[in-house]
Amino acid sequence: MTTHPPGHALAVHATGVAHDYGRRPALRGVDLSVAAGEMVAVTGPSGSGKSTLLHVLSGVLRPDEGEVRLGDEVVTTMSEDARSRLRRTRVGVLFQFGQLIDELTLADNVALPLLLERRKRAEAMETARAWLTRVGVGDLADELPGEVSGGQAQRAALARALVTNPGVLFADEPTGALDSRAGSDAMDLITDLAAEEGMTVVLVTHDARIAAYADREVVLRDGLVDADETAVVR
Ligand SMILES: Nc1ncnc2c1ncn2[C@@H]1O[C@H](COP(=O)(O)OP(=O)(O)O)[C@@H](O)[C@H]1O
Ligand SMILES: [Mg+2]
């Protein structure tokens, strides 16, 4: 197994990615390249294939056709085990509703990816608490997700996504369940952390104000890239 320095940004390359769930095609031949350390927003109407593309890029879903590379690894031809290990160690994911485990404290939620990698519990807890502090909710480490606000839970979910020092963060509508203030706070945080960690970010959103945080915007329409533009204004 190749080893990677922590936090080392991964480039993302997709070529000719096509997928359908049985009926209408969700992706019909998508080409997308994201440079190491770049932040790209994927936008487009509901049903245009944004979430499917993110699942394919992050190795959750193997597409019917096409190739995906993360850094120098060809994700699409990897075994299920290799893909799941790559996801656990080199890829961070963040969803619309943080998807924290309700029965675990924020600290335990954030420590989980480290414990799955067989890190010692005391060390995992210490790292988890440090990440919670870094995202601004260190004082809530012993609370359950149901006891904190949506914005605070999403910060904890971001800490959980980043605790393994992934080279790329895939975020699907990460501000979709937040009010506009909490949403822009979350985007400021993601942008700052990505820069500090030298991390690649692929962000799905249908909100133009959120897309404006990215270096580049890729627009999907009916499963195809409709436009791929470098941001003029930040
Ligand atoms: N698990 C699934 N089973 C069947 N069809 C799906 C599934 N997920 C998505 N689709 C379909 O694939 C298309 C693209 O969906 P999706 O990738 O979720 O788009 P978006 O995230 O842009 O809203 C849509 O037509 C959707 O109905
Ligand atoms: Mg979606």
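What comes next is a walk through the structure. (Residues numbered from 1 in each chain as written. Chains lettered and ligands numbered in written order. Predicted model: local features only at pLDDT ≥ 70, side-chain atom pairs only at ≥ 80, totals over all residues. Heavy atoms only, no water.)

## Remarks on the pairing of strand β4 (residues 65-70)
Stage number 1. Examined bridge by bridge, strand β1 (residues 12-20) and β4 share five bridges and lie antiparallel to one another. Among the inter-strand pairings, Thr15 is bridged to a residue of β4, identified as Glu67.
Stage number 2. Across two bridges, β4 lies against strand β5 (residues 73-74) in antiparallel orientation. The residue of β5 that forms the bridge with Leu70 is Glu73.
Stage number 3. Taking the residues that link successive antiparallel strands as the turn, the β4-β5 hairpin has two residues, and the phi of Gly71 there is positive, at about 60 degrees. (Pairing = 2+ DSSP bridges. Helix = DSSP H or I, 4+ residues; strand = E, 2+ residues; numbered from the N terminus.)

## Notes on the site of ligand 1
Stage number 1. If you check the shell around ligand 1, you find Tyr21, Arg24, Ala26, Pro45, Ser46, Gly47, Ser48, Gly49, Lys50, Ser51 and Thr52 and nothing else.
Stage number 2. Contacts to ligand 1 include Gly49, whose backbone N or O atom sits 3.1 Å from an oxygen atom.
Stage number 3. Relative to its unbound accessible surface of 550 Å², ligand 1 loses 58% to contact with the protein.
Stage number 4. Residues belonging to the shell around ligand 1 are distributed by class as follows: three nonpolar, six polar and two charged. (Near = heavy atom within 4 Å. Polar contact = N/O pair within 3.5 Å; in protein donor to acceptor, adjacent residues only side chain to side chain. Areas by Shrake-Rupley, 256 points an atom, 1.4 Å probe, with all protein chains shown as cover. Nonpolar A, V, L, I, M, F, W, Y, C, P; charged D, E, K, R; others polar.)

## Description of unusual backbone geometry
Stage number 1. Notably, Asn165 is not glycine yet its phi reads approximately 55 degrees, a positive angle.
Stage number 2. As for its position among the elements, Asn165 is in the loop between α5 (150-162) and β7 (168-172).
Stage number 3. When its relative accessible area of 26% is taken as the criterion, Asn165 is described as partly exposed.
Stage number 4. Phi is positive for Glu173, which is not a glycine, with a value near 50 degrees.
Stage number 5. Mapped onto the elements, Glu173 comes out in the loop between β7 and α6 (180-197). (Buried < 20%, exposed > 50% of the residue type's maximum accessible area, 1.4 Å probe, protein only.)

## Examining the pairing of strand β8 (residues 200-204)
Stage number 1. With five of five residues buried, β8 lies mostly within the body of the structure.
Stage number 2. Every second residue of β8 is oriented toward a common face, with Thr200, Val202 and Val204 on one face and Val201 and Leu203 on the other, all of them buried.
Stage number 3. In this sheet, β8 lies alongside strand β3 (residues 39-43) in parallel orientation, the contact comprising four bridges. If you follow Val42 over to β8, its bridge partner there is Val204.
Stage number 4. Where β7 meets β8, five bridges bridge the pair, whose relative direction is parallel.

## What to know about the sheet that holds strand β9 (residues 216-221)
Within a sheet, adjacent strands bond to each other through the backbone by hydrogen bonds, running parallel or antiparallel.
Stage number 1. Here six strands make up an open sheet; going across it, the order is β6-β7-β8-β3-β9-β10 and the pairing mixed. The strands lining the two open edges of the sheet, one partner per strand, are β6 (91-94) and β10 (224-230). Each adjacent strand pair in this sheet contributes to an overall mean axis angle of 15 degrees, direction not counted.
Stage number 2. Along the sheet, helix α1 (residues 50-57) contacts β3, β7, β8 and β9; its crossing angle with β7, the most-contacted strand, is approximately 155 degrees.
Stage number 3. Contacting β6 and β7, helix α2 (residues 80-90) runs over the sheet at an angle of about 75 degrees to β6. (Axes fitted to C-alpha atoms, helices over the stretch in contact; angles between N-to-C directions. Contact = heavy atoms within 4.5 Å.)

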